[in-house]
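Structural description and commentary
Listed below are the residues making up each chain.
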Amino acid sequence: MEVRGLRKDYGASTVVAGVDLDIRQGEIFALLGPNGAGKTTTVEILEGHRRRTGGDVRVLGEDPGRAGGAWRARIGIVLQSASDSAELTVAESLRHFARYYPDPRDPEEVVRLVGLEEKRNARVQTLSGGQRRRLDVALGIIGRPELLFLDEPTTGFDPEVRRKFWTLIELLAAEGTTILLTTHYLDEAEALADRVAVLAGGRVVAEGTPATLGGRANAEATVRWTDARGAHERRTPRPTSLVNELSAGGGELGGLTVTRPSLEDTYLDLIGERR
Amino acid sequence: MTALVSRPGTLSIGLARGAFELRQFFRQKETVVFTFSLPVLLMVLLGSVFGDVYPDTGLEASQLFAAGMIGAGIISTSFVSMGIGVALDRENGTLKRLRGTPMPATSYFIGKIVLVAVSSLAQAAIMLTIASLMFGLTVPTSPEKWLTFAWVFALGVTGCAALGVAASSLARSVNGAAAGTNIVFLALQFASGVLVTPITALPDVMVNVSSFFPVKWMCQGLRSVFLPEEAARYEMAGQWELGLTALVLSAWCVAGLLLCRLVFRWTNNRE
Ligand SMILES: Nc1ncnc2c1ncn2[C@@H]1O[C@H](COP(=O)(O)OP(=O)(O)OP(=O)(O)O)[C@@H](O)[C@H]1O
Ligand SMILES: [Mg+2]
């Protein structure tokens, strides 16, 4: 996927102002950013749901604005919100959608993958918010997509289901699926993504691996410990030397921790700079 | 890899969609009851008020009315239900989800046509049964009459359903679509001599206007099926005008399908 100078205006307001992205095959790419940053807009342009105002976009070798059914058979989409097929059951919906694709996954297997076995015969409208979301994910992967778009897929998941979902995403990635996801959970981006980009005000303000985003790897670390004189905290670019120095006496340091800024700290800094 | 496995056909997906739509529809008990009972209720209530017997033919006003109402019932399950149904699909994200799959747009419409054909036939059957029990409407036995029924039904349902889709695209919301299609339908029902029988009782100007629209021809066609020959004298032209009926209904089919292609939208996004 290749995006160059992507722009989107709604009337007079510019929501996406020149975004460049390259997502390689088989990669998990996370798009981060505050509410209204333009994530959904960007993703929906890449999915072919919205028209762009300017820029060049290639997704699986085609322009999503013009691509047809054969292209759509190769992608999977999980939209930010949906409330359709209310009267059908989970299994019926999956079996039905499977018929659209040349080489679909087995609906029963998909039910298992998203952990909806107990609800397979329940009407969609009776599902809880998180279960409904799992069905959305299931419908997104039923066609065995090469490229999967996930717009805030885990919103409303309980922690256990969220972990199971991560496993599923890793499984899909291991099969070679390229994944573009947006999320507000930074731990999720950190756990899953090969690379992340932070979108703010319609621009990419930082891009990199979760470990190096915004110079995170080289940032000062904070060392905390306690001794007879109380609790200490010191920021240093060279924490290893400091710990060496402190432990020179051979005594055990109470409550010793060395922390780098979390992805969340880095993210908040990046967003803060924009404001 | 994808080139090796062929994509499923438009028709087979369309029929699968038809089954999906039917399930979805018949599981919504409230909608089903509402859809079918409204025209029936109107027919039963108004039909019981029209007690006159026409002295020249011995036909009852209620029979004339009931025959026309069957047409109106079919139009309500095609035009009105389609207008609301597609607007709902747009509002609840059904269309957006489908847009993101390889399903061809034509398959979506095939599914809708299956739904409308089945529900309209059911509507016609229910109304005909009640009309024959309550108002002594005779169920025709000649194949000729049923042939007329078949083409009036097919042309009428197709045209009205296409117009319903077009109407849904003009509306901004489900409520707008519901109000809009119902108002148009009610006005045409009145002006086409469905609610007032016989149609000759209406001012000429009004009928001249309503003659441009399918409601009048649909109902006239069905009166020709369910009423005896001599009832033709209560039509504006004093005859059934089946040729003209076929012409007008076909023209609306074509116009409806063109309009449908022209104004159909997948989403409500204003961009
Ligand atoms: N159809 C539209 N018409 C006009 N403005 C829109 C439209 N869709 C989105 N916007 C505006 O564009 C901006 C970006 O919206 P978008 O949905 O892309 O944000 P997002 O990053 O996905 O936010 P969130 O995290 O809340 O999902 C917002 O200010 C929104 O109000
Ligand atoms: Mg969003």
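Scroll up to find the structure this text is about.
As the structure is a prediction and not an experimental result, all values here were calculated from the model.

As a further point, take unusual backbone geometry. With an omega of -10°, the peptide bond running from Thr197(B) to Pro198(B) counts as cis. Along the polypeptide, Pro198(B) turns up in the loop between helix H7 (174–191) and helix H8 (204–210). At Leu60(A), a position not held by glycine, the phi torsion is positive, near 50°. Position of Leu60(A) among the secondary structure elements: in the loop between strand S4 (54–58) and helix H2 (69–72). Residue Leu60(A) is classed as partly exposed on the basis of its relative accessible area, which comes to 25%.

Right, let's talk about the packing of aromatic side chains for a bit. For any pair of aromatic rings, geometry is given as the distance between the ring centres together with the angle between the planes. Following the criterion strictly, the structure yields 16 aromatic pairs over all chains and no others. Arranged with centres 6.5 Å apart and planes meeting at 40°, the rings of Tyr108(B) and Phe264(B) form a pair that is tilted. Taken as a pair, Tyr108(B) in helix H5 (residues 105–135) and Phe264(B) in the segment after helix H10 (242–263) lie far apart in primary sequence, 156 residues in all. According to the relative accessible area criterion, Tyr108(B) is buried, its value standing at 0%. Residue classification places Phe264(B) among the buried positions, given a relative accessible area of 16%. Seen from their ring centres, Phe264(B) and Trp266(B) are 5.5 Å apart, and the 75° between their planes marks the pair as edge-to-face. As far as burial versus exposure is concerned, Phe264(B) and Trp266(B) are alike and both buried. Three or more aromatic residues joined by ring pairs form one cluster here, namely Tyr108(B), Phe109(B), Phe264(B) and Trp266(B). Directly above the ring of Tyr185(A) sits Arg162(A), whose terminal nitrogen or CZ lies 4.3 Å from the centroid. Just above the ring of Trp217(B) sits the side chain of Lys216(B); from NZ or CZ to the centre is 3.9 Å.

Looking at the element boundaries, Glu47(A) is found in helix H1 (residues 39–47). Contacts of Glu47(A), omitting those with residues within four sequence positions, involve Pro64(A), Trp71(A), Ile75(A), Ile77(A), Leu79(A) and Phe149(A).

Moving on to the coordination of the magnesium ion (ligand 2). Residue and element names in this part refer to chain A. Protein-derived ligands of the magnesium ion (ligand 2) are Thr40 (OG1) and Gln80 (OE1), with the metal-ligand distances lying across 1.8 to 2.3 Å. On the criterion of sequence distance, the pair formed by threonine 40 in helix H1 and glutamine 80 in the loop between strand S5 (75–78) and helix H3 (90–98) is long-range, its members being 40 residues apart. Taking the relative accessible area as the measure of exposure, threonine 40 reaches 17% and is therefore buried.

Residue and element names in this part refer to chain A. One open sheet holds the six strands; their spatial order is S5-S6-S7-S3-S8-S9, and the pairing between them is mixed. In this open sheet, the two edge strands, each paired with only one partner strand, are S5 and strand S9 (203–208). Neighbouring strand axes in the sheet, compared pairwise and without regard to direction, differ in orientation by 15° on average. As paired elements, strand S3 (residues 28–32) and strand S8 (residues 195–200) share four bridges and run parallel to each other. Paired with leucine 32 across the bridge in S8 is valine 198.

Another aspect to go through is the pairing of S9(A). Residues and elements named next belong to chain A. Direction of pairing for S8 relative to S9: antiparallel, over a ladder of five bridges. Bridging from a neighbouring strand, alanine 200 pairs with arginine 203 of S9. Taking the residues that link successive antiparallel strands as the turn, the S8-S9 hairpin has two residues, and the phi of glycine 201 there is positive, at about 55°.

Residue and element names in this part refer to chain A. With respect to spatial proximity, 15 residues lie near ligand 1, and among them Gly36, Lys39, Thr40, Thr41 and His184 are the closest. Within the side chain of lysine 39, a nitrogen or oxygen atom sits 2.7 Å from an oxygen atom of ligand 1. In this structure, glutamine 80 approaches ligand 1 through a side-chain N or O atom, which is 2.9 Å from an oxygen atom. Here ligand 1, which alone exposes 640 Å², has 66% of that area covered by the protein. Per-element tally for the shell around ligand 1: the top contributor is H1, with three residues. Looking at side-chain class alone, the shell around ligand 1 contains four nonpolar, seven polar and four charged residues.

Conventions we followed
Residues numbered from 1 in each chain as written. Chains lettered and ligands numbered in written order. Predicted model: local features only at pLDDT ≥ 70, side-chain atom pairs only at ≥ 80, totals over all residues. Heavy atoms only, no water. Helix = DSSP H or I, 4+ residues; strand = E, 2+ residues; numbered from the N terminus. Buried < 20%, exposed > 50% of the residue type's maximum accessible area, 1.4 Å probe, protein only. Phe/Tyr/Trp six-rings, centres within 6.5 Å; stacked < 30°, edge-to-face > 60°. Lys NZ or Arg CZ within 6 Å of the ring centre and 35° of its normal. Contact = heavy atoms within 4.5 Å. Donors = N, O, S within 2.8 Å, 3.2 Å for Na, K, Ca; no water. Pairing = 2+ DSSP bridges. Axes fitted to C-alpha atoms, helices over the stretch in contact; angles between N-to-C directions. Near = heavy atom within 4 Å. Polar contact = N/O pair within 3.5 Å; in protein donor to acceptor, adjacent residues only side chain to side chain. Areas by Shrake-Rupley, 256 points an atom, 1.4 Å probe, with all protein chains shown as cover. Nonpolar A, V, L, I, M, F, W, Y, C, P; charged D, E, K, R; others polar.

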